Every structure is written in C-alpha cells, then in structure tokens.
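# Summary of the model geometry
Each chain, written out:
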Amino acid sequence: MEEWLNWSLRHLSLGLGVMYSLERPVQGQSSCPKDRLGRKRRTVVSSLTEDEELTEILKSYSSNKVTTTKYSFLSFIPKNLFEQLHRFANIYFIFLAALNFVPVVNAFQPEISIIPILLVLAVTAVKDLWEDYRKHKSDKFINGLVCEIYSRKRQMYVDQRWQDVHVGDFVRLSCNEIIPADMLLLYSSDPHGVCYIETANLDGETNLKQRQVVRDLPRQGSELTPENFHSRIECENPNNDLSRFRGFMEYPSKARVGLHNNNLLLRSCTIRNTETVIGIVVYAGHETKAMKNNNGPRYKRSKLERRLNVDVLWSVVLLVIMCLTAAIGHGLWLRNLKDTSFLIPDTTSPALSGFYLFWTMIIVLQVLIPISLYVSIEIVKLCQIFFIQNDVDFYNEYMDSRIQCRALNITEDLGQIQYVFSDKTGTLTENKMVFRRCTIAGVEYPHEENARRLEVYKEDEAMGCSHTLKSRASAKSLSCKSLSCNRSSVSLHTLTGHSEGEESPSPTLPQHSAFSSPMEKDIVPDPFLVQKLNCLSSPLFLLRDASMELTYIVDFFMALAICNTVVVSSPNQPRHVVPEVSRTPLKSLEDIKMLFQRFGLPRFSTLSPPHTTESPRSFTREEDKMLHLNPGAWSPPSEPGADELIYEAESPDEAALVHAARAYRCTLQGRSLERLLVELPGMGSLAVRLLHILPFDSTRKRMSVVVRHPLTNQVVVYTKGADSVIMDLAESPKGAEQSDGRQGHIREQTQKHLDNYAREGLRTLCIAKKVQTSTEYDIWLKRHAFAETSIENREELLLESAQRLETNLTLLGATGIVDRLQEEVPETIEALQRAGVKVWVLTGDKQETAINIACACKLLRTTDQLLTANCDSKEACKALLLELRTEVERGEAAEGTSGFTLVVDGHTLDFALQEDLKGDFLELSRRCRAVVCCRSTPLQKSHVVQLVRDQLRVMTLAIGDGANDVSMIQVADVGIGISGQEGMQAVMSSDFAISRFKHLRKLLLVHGHWCYTRLANMILYFFYKNVMYVNLLFWYQFFCGFSGSVMTNSWVLIFFNLLFTSAPPLLYGILDKDVSADTLIKLPELYKSGQNSKAYLPSTFWLTMLDALYQSLVCFFIPYFAYAGSDADMLSFGSPINASALLIILLHQVIESRTLTWLHVLVLVGSALFYFSFTLVFSVVCVTCSPPTNPLGVDKLQMSQPLFYGVCALTTVLALLPRFLFHALRNSISPSDTLKAALMDQLNPDNYCRRMQHWNQTQAQSKARGLIINVEDLDIKIPDFILPKELKECRAATGSVLS
Amino acid sequence: MMASNYNAKEEDGHQPAAIGHGGAGTVKNKKPDNTAFKQQRLPAWQPILTAGTVLPAFFVIGLIFIPIGIGLFVTSNNIKELEVTSQLIVPCYNCSQSYSWNSTKPCTCSVPFSLDQPFESNVFMYYGLSNFYQNHRRYVKSRDDSQLNGDKASLKSPSKECEPYRTSDEKPIAPCGAIANSLFNDTLELYYIDPNGSRTAIPLVKKGIAWWTDKHVKFRNPGGNDNLTVVFQGTSKPVNWRKSVYELDPSDPDNNGFINEDFIVWMRTAALPTFRKLYRIIHKKPNMTPTLPLGRYILEVTYNYPVRSFEGRKRMILSTISWMGGKNPFLGIAYITVGSVCFFLGIVLLIIHHKYGNRNHSADIRS
C-alpha cells in the first residue's frame, strides 16, 4: 500500500508538475563560463597539473555533485508558491479569495473563501515537499557513494565520495562498480586495453559494450601513473548524445590521437568483466551524458481534455449570465424599493450596487467552474494507470516486465484511436532472428530440417501460452468466455503438431541471453552443405577435388563468423581471449592455403555447375544415415566446452548469423581488439588479425571487417549488408569484364534466390568479400587514419573512407533470416480492424517482405484487392494516385472485393507526401482498408503519421520498437514503444511501453474503452453536480432581492463540493465498468463508441445541463412551496434543500453507474453519513461561529421534524424521475451496443456463448450486406459448420466449469 | 520521471551482490498480483435500467407516495388556521398611513374577527409581514452573535458588521445591527366577545416561543441575568427602539435583555420575504372546553411598526399545528401527484416492456 502511495504521489506530482519541469532550465548548461563565450570545446588536463590557468579552467566545470531537487530548505515556500501560481486554476481560486476581501462585494467571511485555495495549495505543497525530500535522499545517497580517486598528496588512490569527483581526476574502478562520471578510459587491466560496460542503467540494454583504451597511449607495464600523465584532452562541450563523443588527446609530444565514443565510460554504467580500469573524468555531475538525458515526463493534452476545456468555457459563460441576471435584478429591485427603512441606509446608486453584486455573485457561484475537476481528473488518471500497470495480462514472464505508462494524462485517448501506425520488425514480428536458409555461390540450400524445427518451436510456445491461459481461466467462475477461445487455439495447433506438444518450455530464461534462446542457437544445417564442407575435414580430401565452390563456402562462413561485433563469453570464463598459440591444424595448412590463394586470384578458371551432386565420397554410409536421421546431433562443435559459448550481439541479426556459422563448425571462439579466434572445420582454431571494423550505419546499410587472412596472409575485406547495396557494389565494371562467367552467374542466381526469400518474408543479407593488395591497403589506411583523428566532421570522413574501401566486392552469397510473427498478431490486427481502427504498417523492409508479412498477420486478406504504388517521378505519382482512386471508386461500386490495400514504397511516398499530392494520397488511403508503406525512412514514418493526424483530424497511435520509430512515436497522439530486442529508445520516447504487440488489443479495447467512458462520464457528472448545486443558490436570489444571500451555512457550502460529494465521482471515474473485459475483447465493435466520442458529445453535455437545471428547480421549489409563508428561518429552509441536493447528487450517480461494488456502497454511504453527521455536530457545537450563518440548533431541530424527511423524499424522487425514466426508455426502446453487451454479461455462460456467436454472425452478415456480396459468396464466407462446433466447445467448457 | 527512474536504478544497481549472468535468481518478480481488485474483477452489482427492471420501482413509489400524500393532505386540512390582515380595517389603516419610526405617540386600533369553528388544542398566534426582505444579504449580516451571546468585550465594541447601527452618541449599541434595530414592536392583544357583549382577555403566553437552543445557548445576557441595568450601562439602545434592551420585559428577569423571546424570534431571520413569526401561545385549557371557542373576537393592536414605506403588510395568524407543522396543503397534493404520475408511468413502462422487452433478447446490432 505504501508503495502504491509513493508511486501515485510521484506520478501525481509529475502530472501536476509538468509545467514547471518543462520550464526548468537544464542545469549545468549555463554553469560553464567558457560556454557563454562561445567556446565550442572543453579542455581537460590532469587535475594534478601545476599550471594555475589550467586549474582555473578545471574548476569552472561543474563538479560531480548532483542535485535533482527543486527546492532548498529556504526557497521551498516562495518557490513552490510561485510555481503553483503558474497554474490557471490556482489563479482563479486566489482571485476569488482576494475578491472576498473587498468589503463591498464580499459574500462570505474572508477566511472561509481562503479554504479552497489553501487546501489545494497545501496538498500540492506537501506532495511536492515529500517528493523533493525523496529526491534529496536519493541524491544524497548517490553523492555519498565512494570511489577511488588518485590523491596527489598521498600518491595513491584513496576513497572519495562521488560528489568530490572533479573533472581531471583519475578514478580507478574495479569490476561491477558503477562509473561515477563520464570518463576517458586510460588504462584497463585487460592486456588488449579493452573493458566492458553494461549500460542497463542508461538505456536498459543488458548486453555488454566494449570500450577501448585511448589508442597509442604509451603502454605502461603496470598501472598508469597519474603523475606522468601530461596530455591535454580537447573534447566537445557536454551534450546529451549518448552515442557520440568527439575529441582528441594531445600528448606532450604534440602528437594527437582521436577520441571516440569507444573511449568514453558513461556515468551510471557498470564495469563488467574487467578487473581494473582507470580513467580521467571529462564530464561530471550534471554535465554527464546520463544526466543530460534526464528529461521531464511527457505531457500531452488528450482529446477529451480539449473537449472539456470547451465546456469549461461554456460554464464560464453560464456563470457570467447568471451573475449578470442577478446584478440586473438587484439593480431593478433596488430601484423599485421605495424606502429601505428596514435595510441599511445606502446611498449607492442601484446601478453601482448591481455592479458590486455581480462580483459578489461570482464568489457565491464560483463552484460552477469545476476547478476541482482538474485535480480530480489527475487523480483518476493516476488510478487508471495504476490499474493498467497492474493488469496481469500485460505481464511478460520471459522479460519479467509489465506495461510501463510513461505519459500520465492520455489514458482516455487509448479509447479513441482511429488509426494505428505500426512498425513491422520487432513490433509485429518477434525480432528474434533465426537463420533459416542461405545461398552460396549461386547454390541454394533450403534447410528443410531447419524449417521443420522452427515449426516445432512455434507449437511449443503456443502450447505453453495456452497452458497458462487455461489455468488462469479455470480459476474464474465465469470462465467460459476465455476458455472457449483457448480451446480453439489449442485445437488448431494440435492439428499440425505431434508429440512435441507435451514438452513444456523452460519457464524463465536468464535475461542476459536474450539473443540466444535455443530456437536461435540450434540451427540444423543443410545436409548438402554439410557434405560439401566435410570435404575439408575428411581424410580423403584432395586438393584437386576442391572446387571453387568450396572456397566460396568457407569464405562465406568465415564472413558470417567474423564480420560482426559479437562479444564472446562463457559462463565460467568471462571473456574468451584469443590464446596466442593456435593449435595445430588437422589438415596440412599448405593445401588449404593453396586453395584460398587460387580463389584470391582475380581470374576464375573453373565453373562448377550449380547443384552438381557430387557423390558423397567423404561420407561413410553410417555417417550419412545419422546425419539424416538426427541432424541435431551433428551440429554442436567438437569440444563440449565450446557449447557454452555465449554470443552477445548488438543486433539480433548478427547473433543469428554467428550461430548459423557455428552450426557449420565455423565457430567464433574469441575476440579481442586485434585478434579473432575462429575454428574452421578441418583446420582447428585459427587466429585472425583484425585490422579494422567499419561499423554498420543506416546510410551505408552495411558493415565490413578488414582482416589479415590467417592462411593467405592477404588483407581481406568481408562485407555484409542489405542486398540492394551489396548487389550494386559487387557489380564493378572491371570485375564484370573479368569475371564474366562465374560472378555474373552467381549474381543472377543469388538475385533470384533473394527474390524468393523476400516473397517468403525472410530478411535478406548479402555477404561479399574483397582481397586487397598491400599497396592498395596502405594507401587506404593512410587516409583512414586521417579521418579517424580529425575532430570536425569526422563522421563524414569515416563514411567516405568506408565507402572507398567497399568497392569491387566479390559476391559470396546471401542469407535468409526468418523473423517470426509474434503470437496473436493476426488476431490483434483483426480485432483492431473490427473495432474500426485502420491499421497501417510502416516498414523499412522490401515491398515483397512487407506484403508477405501483411498477409501473414491478416492485415491483407485474400479477398482484398492489392494496389501497389511505385513510381519514379512526381508526375507519374500524381497520375498513379488518380488512377488508383478511380479504381477504388469503381471497386467500391462493384461487387466481390472486401476492401483495398494500398502498398506504397518509400520513393513514391516521398512524392505523395509533397504539398500538392498529399490530398490525393490521403483521399486514396482513406478509402483503403489498410496501407503498407515499405522502404520508408524514419522521417517518412513520422511525416505520414503527421499528415494523417493533421489532415484527417483523427486520433493516431504509433507503435514501434526501434530507434527508427522514435520520431513516429513522438508525433502520434499516442506513442507506444515495444520493449524488445532493440534497445530502449522507442520505449524512452513512448507514452506506453508494452512487451508484445498482442497487448495492444487489451490496452485499446478494454483499458482504452474503460478509461474513456469512465473519464467522460465522470466529467459530465462533475458538470452536472456543479450546475445542479449552484443553481439552487441562484434560484434563491429571486427571493432575497438578488442580494447574494445564501440559505446555507458557508462552511457547508464550501465543503459541499470539496468534501461531501468529491469522493464518489472519483470512485466512479476509477472503477466504473460498463462492459466486462472479456466481452470487450470478444466484441471489438464496442470500441467504436469511444472512437465516435459517444459518451461525451456536445449534445450529451447540454442534455446533462438541462437535467441539472430541472433537478435544481425541483430541489429548490418543492421546499419553497412546502415552507412558503411559514415561520421557517433561512437556515431551516436551506437545510432540507441541502440534504435533498446531496441525496439527489449521490443517487444520480447510482443511476449513472454501471457497476456498484462494495467500495461504491462504502463511499456513497460514507459521503451521506459524513454530510449528516457534520451538519448535526456543527449545529450542536457551533455557538457563535461562522456569522452570519450561524447554524446552532438548525439542523438538529430540522432533522427531528418529519416534514424535513417528507420534503427530502419527495424532492429526491421527483428530481431523479426523468433521468431514471429516460434511461429505462432508451435502454428498452433503442439500446446501444454497449448496453446490449452489458446485458450479455449478465447472462449465464451458456446463453452468453450463444449470444456472442449470434452477434458475431450478424456482424459478419451486416458487413456482407454493406458490401453487397453475392449470396453464394456469403455462404462460403460464413460456413455454418464452424459455428455449431464453437458452440459445442463453449458448452463443453461451461459444463466443465459448472460441474 | 527520468530523474527518479535513474536514481532508483542506481540505488538498485548498487545493492545486489550477485552480478553477472547468474544474477537472475535475485531479480524481484514484477508480476502484478492477481487479485480481484487489481484486476478489476471485484464482484459488482450491475444495475441496468430497462423498462422491465424499473417497473416495480415505479409501482412501489406510486403505492407509497399516494397514501403518504393523502395522509399529509388530511392532516393539513385538519389544521385550523385563521389569518387577520389588520390594515384592511379602517382604524388600523389610518394608523398605518400616518405612522412612521419617528412617531412618538402610539396608535392603537382594534380589529374584530370571528371564528367559524372552535380551535382545540394549543393555538399558536403569529404575526406576519410581507415584502419584508429579512433575508437580504446585508441585513442578515448586520448582527453580532458574540454580543448576543453575552460577550462583554463585544458588548462594548460590537462587530463592524453592525455598521451603521454599531454606535450611537459614541456609545455602543446593544443589541447592535440592522436586524435588532428593526425589531417588530407592535403589541397584539386578543379579546373574546361573549355573546352577552362582554370582553374577555385571552391569556397569551409569551414564553416558549423561541427555540430552546437559542434561548439557552445562543443568547445570553452579559454577566448572567441579574441587574441588567448595570450590565448594559454605557451602551445605547438601538435607534428605532423606544426602550432599552433591559426594559423589554421588566416583569420577568428570565425574559429580559438579550434573552427576551420576542427579540430572539425576531433575530432568527426569515427565509422568504413573506413570513410569519410566532408571537404568543394560547395554551389548551385543562377542561374539555376548546382553547378558542367559536364566536366573535377583537384583536387590539398597538401600532408601532411602520410597513407602508416598503409596501409591506401585517397579518395576525391563529393556527393549531400538527406533527407536520402548520397548515400547508401543497406537500400532500404534491405527494399524491407524484405518486399518481409514477403509477401511470409504471403502466406505460409495462406496455413498453411487453412491446420491446423481447426484442432486447435478440442481440441484433444496428449496422
């Protein structure tokens, strides 16, 4: 409970504090005086320096002490007040309070009118203070952490607190320590000068990142001695880019060496796998990249809130009208008054009195502006978020994660989404890359066994999933609903699966091996490829038999194994360091050398025809048999220890390829900065000298490694990348002439296979190599070194340098990696479409892949007509758009198609997004059921979302998992990040972060629907409540000469909204549930009510206002007539009015509520009891208090009289009668879908099932009718035999539950 | 959000000793509790208002309200009430025309009236005023409750709210304020005219007309009830009053000063501009004779209170009361009406239920 309290308070404050935190200047930015002088770099030297000027500079940098608190002890009250006064609501309150101090207009005692504002300010201040204290405590803890700093005095490393770390200090860290500040890595205990850090604290990624000691640093035998460090470091000013660090280090000898991101240890990361590191601090405290990345919470204004603001304005109008009426009435009344003998003699003119009265009335009727509504909404949203976060259905066991709600104020937007923009990779798919098949040298290896294996995994997972679902469902009393669907899914899978179904999947996998689940690791090799490779290791292997093809194959796997940045480790030994001595190869190296040298020659002599079935000479029969019977047995590499190698890759594709290579016994065994240890079949472990890594970037779309080949000693470049790029680069004019036959053939075949892969929905990568002559390499190396050391535009230079190297490539082959669809994606998409949400898929993949995935996830149905738009020029694009539009229009009129799906490629999208074509594009896409944008860039994605959002004025939702989706997520009304394999950028910029795509279904259909209806109803109720109550006071003005009198004690008046009737609406907004979650999931159509804002239309608002008006009339005039002419005094008259108003307001809520739990009862009864006991006690103890409305004896006397109860009962019944009747009539005569669903919820399970099917059936039929489908078609579409079967299952399920 | 997250993570990161790949065991499970509350599955009553379900409610309301209404109506009819408007009678009309606050000589007049039926049980005698806005905001405010509660400090320096009836002749006014200043000061006397023509004064009891709490808690004389003259020394009487507050009822120290019941009744400001206030009680006689037998009566009015200036009217009301207060047929009629409407609506709903109720069970959905 306390946890929840903490949590909610923190979130509440975030919601409230949004405005301030946005305005809060980024600390540290202005603290460096050098920055203001326009200096673009910072200079860092050792803090041990004697130079005073440099010491001065070092002192100007901010220290490592962090203060995230907003207030200090003294500044709290003024600062907090100041911040709170920035809110409009508070200004309004204070204005009213101040107004009450003006004697001519005051309505109540001044101190009473301060209560609301004091209450609001105090609550907020206490909460701010408490939160700030927590921050302070955590700051203190962090500042007090201890690390080792080199001390000049004592000539050794001494323990110091983090806050005493300064720029230029030398810090020594051991394994598993947290880095206190951004520092440059100067020494690592690792012989190769690397160290590993885990950045989970920073971005949530758990894989290890390699960091390197600054290059060319004079190697010391032992640890680095800070005294001898006289270099000067120049680097850029503090910024928040985690992936960039630029600078250089100048040695005393004036030699410069470039500094990369690779040299920087970031604050709050953890040192792993390295014994000791020493670094020099370059950024400290608030200037560290980690602190610079601490943004405030996201703030978005929801659609409902915008609507609400309009109605608040209407309330203001209403208030002004009422006050004006009273003011004019007062003026007229005064003028008609002959002699005010009984009144206070007054010389003010009636007009001026009227003017004064206007302001008095504003104070009296202030409640009409539902200012407390804003606070209530924030509380309700917090609780809604609490429920969303606690939904057990959003829990992911594998990742041990729940949903994260990062934006706190747009929960109800989830219920109004009209367009969903989805990324493909990692969002619809698992982003678990599994090697599926490959083509080498133009020969395709289909890996059939591998495909079968993947099927088995799928079933395993499905079974596991349904197991848990079933057990959960059976715990429910009314489990038929959920059970029936599980049943069907189980039966579906058991049709295809066999014995493996019994296996239960391992429940929890260690988080660290996220990329190496068994599915990804155990790749079943293709037998033909194995045969070919075995030639190498077979004793009968003869050089002359070795074809060119074999060299291709070996090179291909070599590339797979080494062309990456995978970190190798094993549980018992943290890092596989390359042993200096390589074992004796099994085969005579000379033979193999010759083989590779022959390949290295530019001319290709022989051409082995593809798929010439070489007789498996090298195999004995037994081996062959074994291979086919039990392919899995072959794959693990020879030694058992190697089995435990763990590959940690930056991207899952890389891991997949390394695992694939390993399946063919080309095992990457270790990696260091300069060396790679690779085991090749038949050759044993080989150490490969690593010369360069040209990392992957999205412009080049490829990565390369430059190595010295262990056998030939040549410099070889291995490149892997997107097929489009590699295919172009491999096609060199010179190469084309020379290698006319072989390469051309390979290219042709590979392209064919690639197209096939894409059609299958596989991700393709091409592998190529290039042999460099040493002179070529030397020339390139010089320019590359220059690029590496330059500070300014180094990225461009490096890019250019890489491009220079990656030319004239020899195509080796290509791989097809399968990225399986996440579970329940088709179901989710179908449900969203039934809910009236348009789903667009925006992907960077190829068109074929995209269409394929769209088919697989049922975005594209077989009956859909596919429209593809690919064009090269704007004119063509325009013509195409028009043409497609007419086609769609024709198609809409015609029969037979159920919808259109538009497929646009990135190039066309560029044209379509231009100003003059976007109208046509939108018009076209609006008529399509789904749109797939392929080959689109991140920027295009966000442009598309923006276009749809702004032009069509619809609610958009973007969902994605990678950095390339960030802009789209930020642009959309609701951004959802999938916390998956690709880091946390998407999650960091999202409003909600989920772990699977399927969670979107419940998030939108259930929580979205609930949040929206709850909030909308609560807001309406708030307006109603205020108008109803305030009007009572207004009517009284007609009987007191419009003098601003009230017939209620002013405390009761103030508390009526603040205390007596504030809790029930909150509960209503948090817990009300119009339809059960199961039904909402099963009938996605119910979502449409939220999309169309059914719960909160302007008409609903005005209807509610009218009802409030009526109720206030009844509530005032029944007591009026009952007491007219009697001896009742003001307060005795007000007492039954107040009491019946309370009863009406509470019972009104009971009528409006769709669910009443014991909590509701508790709060409702509690509120009523609170009111009555408060007034009773007040009327007994308050002797002279609260003049002029002293309540002494009033309520006590009233409540002892039967007339009081008679009036209350009549008033309450008459006031609620119309609404009660209205609900009953509407629900009987034309019930809404939501109500029908709610009625279904109340049925017994058997009827429920039957009704559900009936609904779905009529749904399908009505859809069919709408599209005028032939009757014959309809008969095929909705086969009758399916329904009874489901019904049977459903019945069986219920039966088992009941029995 | 980020800030706190980041800090929290750092704290977390520092504590667990198990680091590395084997650390999975120590990780806390984040799975939400599968409780009915957190999963929003609390057992709930779902009231769905349809014609079928609300039908009984309407009939029940009808069946309850109509008898109550009849009861109230009958009770109200049994209450005997007589209203005498004094201005209609010539002598009093003259008084009202000529009289003002400044007049020194009281004007007396007598109003004859007759009772058609005898009043049994206690009879309450009210005076009524109309068009008198005792609920005007500035009027209502113009009093000092602590002064009236016997606070000596307030006696000497009354609240500012009493302005301009706070001081007169540099002396504090007790009781201060506009309400006290405008105290109703007519004297009403009731005489029964015997058939033989002789006048019998009807005993009017002037105690017991104020609320018990007002008389005993809210209103107190400063320094108890003794020697009010001394206590109120140094204060001035309200400008419109003829006598000081300690001379309101010199005969009865328990009804003098601030605790004079006529004063207390006046100080309880009426809710509406037409109101009545309890003036005297005519107690039931111990024997079987009616409190007020039928016949002719004379109301003697000592006319002190001017109402003509604001077009007000004065009335005298004689009424018996019942458990539901004075005579008021409205509530009874309203109950009967609402009850009948509910009954009628119940029938309408019954028809609707028969017509639409069955359709409801087919879950067809509007396309």
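Residues numbered from 1 in each chain as written. Chains lettered and ligands numbered in written order. Predicted model: local features only at pLDDT ≥ 70, side-chain atom pairs only at ≥ 80, totals over all residues. Heavy atoms only, no water.

Chain B is annotated in an unreviewed UniProt entry as Cell cycle control protein from Oncorhynchus kisutch. Note on chain B: under the UniProt heading Sequence similarities (unreviewed entry), the record states "Belongs to the CDC50/LEM3 family." (UniProt positions renumbered as here; feature names shortened; annotations may be inferred.)

Per an unreviewed UniProt entry, chain A is named Phospholipid-transporting ATPase, and its organism is Oncorhynchus kisutch. Looking at chain A in UniProt, the text filed under Sequence similarities (unreviewed entry) is "Belongs to the cation transport ATPase (P-type) (TC 3.A.3) family. Type IV subfamily." Taken directly from UniProt, the Cofactor (unreviewed entry) text for chain A runs: "Mg(2+)".

### Focus: the interface of chain A and chain B
Chain A puts 136 residues into the contact, and the matching count from chain B is 104 residues. Here chain A and chain B share an interface that buries about 10700 Å² over both sides, 63% of which is from carbon and sulfur atoms. Measuring nitrogen to oxygen at the nearest pair gives 3.0 Å for the salt bridge that ties Asp1129 of chain A to Arg268 of chain B. Applying the counting criterion to the chain A and chain B interface returns 22 residue pairs in polar contact (both at pLDDT 80 or more). A total of 18 residues in the side of chain A that touches chain B trace back to one element, the largest contributor, which is helix H44 (residues 1202–1229) of chain A. Residues of the side of chain A that touches chain B, tallied by class, amount to 69 nonpolar, 42 polar and 25 charged. (Contact = heavy atoms within 4.5 Å. Buried area = accessible area lost by both parts, 1.4 Å probe. Salt bridge = Lys/Arg side-chain N within 4 Å of Asp/Glu carboxyl O. Polar contact = N/O pair within 3.5 Å; in protein donor to acceptor, adjacent residues only side chain to side chain. Helix = DSSP H or I, 4+ residues; strand = E, 2+ residues; numbered from the N terminus. Nonpolar A, V, L, I, M, F, W, Y, C, P; charged D, E, K, R; others polar.)

### Overview of the confidence of the model for chain A
For any part of a model where pLDDT is low, the fine detail of the predicted coordinates should not be relied upon. All names here are of chain A. When pLDDT is averaged across chain A, the result is 76; 78% of the residues are at 70 or more. Considering only residues more than four positions removed or in separate chains, one finds that residues 7–38, a stretch of pLDDT under 50, has 60 contacts. Within the model, pLDDT remains below 50 along residues 462–516, and this stretch shows 69 contacts once partners closer than five positions in the same chain are excluded. (pLDDT = per-residue confidence, 0-100.)

### Considering the sheet that holds strand S9 (residues 247–250) of chain A
Residue and element names in this part refer to chain A. On the basis of which strands lie adjacent, the open sheet formed by 4 strands has the order S1-S8-S9-S10 and antiparallel pairing. Two strands bound the open sheet, and with one partner strand each, they are strand S1 (41–45) and strand S10 (256–259). Neighbour-to-neighbour, the strand axes of the sheet open up by a mean angle of 20°, direction not taken into account. Note that S1 and strand S8 (residues 232–236) share 5 bridges and pair antiparallel. Within S8, the residue paired with Val44 across the bridge is Ile233. (Pairing = 2+ DSSP bridges. Axes fitted to C-alpha atoms, helices over the stretch in contact; angles between N-to-C directions.)

### Comments concerning the sheet that holds strand S9 (residues 295–303) of chain B
Residue and element names in this part refer to chain B. Strand order across the open sheet formed by 4 strands is S2-S9-S6-S7, with antiparallel pairing between neighbours. On the outer flanks of this sheet lie strand S2 (107–115) and strand S7 (199–201), each paired with one strand and no other. With strand direction ignored, the average angle separating the axes of adjacent strands in the sheet is 30°. The sheet contact formed by strand S6 (residues 187–193) and S9 spans 7 bridges and is antiparallel. Bridge pairing in S9 links Ile193 to Arg296.

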